[in-house]
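# Structure at a glance
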Amino acid sequence: MTLKLATLLGVFFMATFSHAQKSPIENLTQTTIHDVLIGNQKQVIQLAEAFSEAQYAWRPMDGVNSVSEALLHVAGGNYFLASKMGFAPPEDVDVMGLTKITGKENIIAALKKSNEFVLASILMVKNDNLTDEVDFGFAKMSTLAGLLAIMEHNGEHKGQLIAYARSNNVTPPWSLN
């Protein structure tokens, strides 16, 4: 019985791993960045929803982004970075007008739309283009570095929004359990 089970498991693992070596996952880098970014985006949206409408105007001090400005900055960053890699924002999005959006529901909707756009853009990057040089204005780097910058930018501002939340007695929803 034990020998049969061991043999069966051995055949299973050999078939699984030999198949994986012959058929690598396509676009593994893009898919991995995409999937990690989904988690960051989900938490940023949860934070955006946890703040009250009145707290959207809160800022830690003069000259620093308010809650609403930080959220719209994330949305703008999504469009900016993806556009530099050749992905034009949707025609109905006024990237330069994002800062004019007001109201909690409208800001969350704008952020969600930018999230969907950047996620779709990431998956359209071809493996052959990962090493292409892109001029982002603030730096020249590879497309891969640009994809990582998108992920890092979202993570950076998630941290900022966590600090804003804690300063306003708002508990990040995922830490309630």
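Notes on the structure in this doc start here. (Residues numbered from 1 in each chain as written. Predicted model: local features only at pLDDT ≥ 70, side-chain atom pairs only at ≥ 80, totals over all residues. Heavy atoms only, no water.)

Taking 1.5 Å per residue, 23 residues should reach 33 Å; helix α2 (residues 28-50) reaches 33 Å between its end C-alpha atoms and fits that length. Where α2 is buried, its residues meet α3 (67-84), α4 (104-124) and α5 (143-167). (Helix = DSSP H or I, 4+ residues; strand = E, 2+ residues; numbered from the N terminus. Expected span 1.5 Å × (residues − 1). Contact = heavy atoms within 4.5 Å.)

This paragraph deals with α3. For α3, which comprises 18 residues, the first-to-last C-alpha distance of 26 Å matches the rise-based estimate of 26 Å (1.5 Å per residue) to within 8%. Where α3 terminates, the next one or two residues include Gly86, which has phi positive at roughly 100°.

Right, let's get into the packing of α2 against α4. In contact at an axis separation of 10 Å, α2 and α4 are set at 175° when each is read in the N-to-C sense. Between α2 and α4, the angle is such that the two are roughly antiparallel. Mapping the contact onto sequence places Gln30, Thr31, Ile33, His34, Leu37, Ile38, Gln41, Val44, Ile45, Ala48 and Glu49 in α2 and Lys104, Ile108, Leu111, Lys112, Asn115, Val118, Leu119, Ile122 and Leu123 in α4. Split into classes, the residues belonging to the contact of α2 with α4 amount to twelve nonpolar, five polar and three charged. (Axes fitted to C-alpha atoms, helices over the stretch in contact; angles between N-to-C directions. Parallel < 35°, antiparallel > 145°, perpendicular 65-115°, else oblique. Nonpolar A, V, L, I, M, F, W, Y, C, P; charged D, E, K, R; others polar.)

What follows is about the environment of Thr131. As for its placement among the helices and strands, Thr131 is situated in the loop between α4 and β1 (133-135). Residues Thr131 and Leu144, 13 residues apart in the sequence, show an inter-C-alpha distance of 6.4 Å.

Our next topic: the side chain of Gln30. Note on placement: Gln30 falls in helix α2. A relative accessible area of 0% means that Gln30 is categorised as buried. Residue contacts for Gln30: discarding those within four places in its chain leaves Ile122, Leu123, Val125, Lys126, Asn127, Leu130 and Leu147. (Buried < 20%, exposed > 50% of the residue type's maximum accessible area, 1.4 Å probe, protein only.)

On to the pattern of salt bridges. If you walk through the whole model with that rule in mind, you get three salt bridges. A salt bridge links Glu69 to Arg59, with the shortest nitrogen-to-oxygen separation between them at 2.9 Å. Of this pair, Glu69 sits in helix α3 while Arg59 sits in the loop between α2 and α3, placing them ten residues apart in sequence. Taking the relative accessible area as the measure of exposure, Glu69 reaches 35% and is therefore partly exposed. With a relative accessible area of 30%, Arg59 lands in the partly exposed category. (Salt bridge = Lys/Arg side-chain N within 4 Å of Asp/Glu carboxyl O.)

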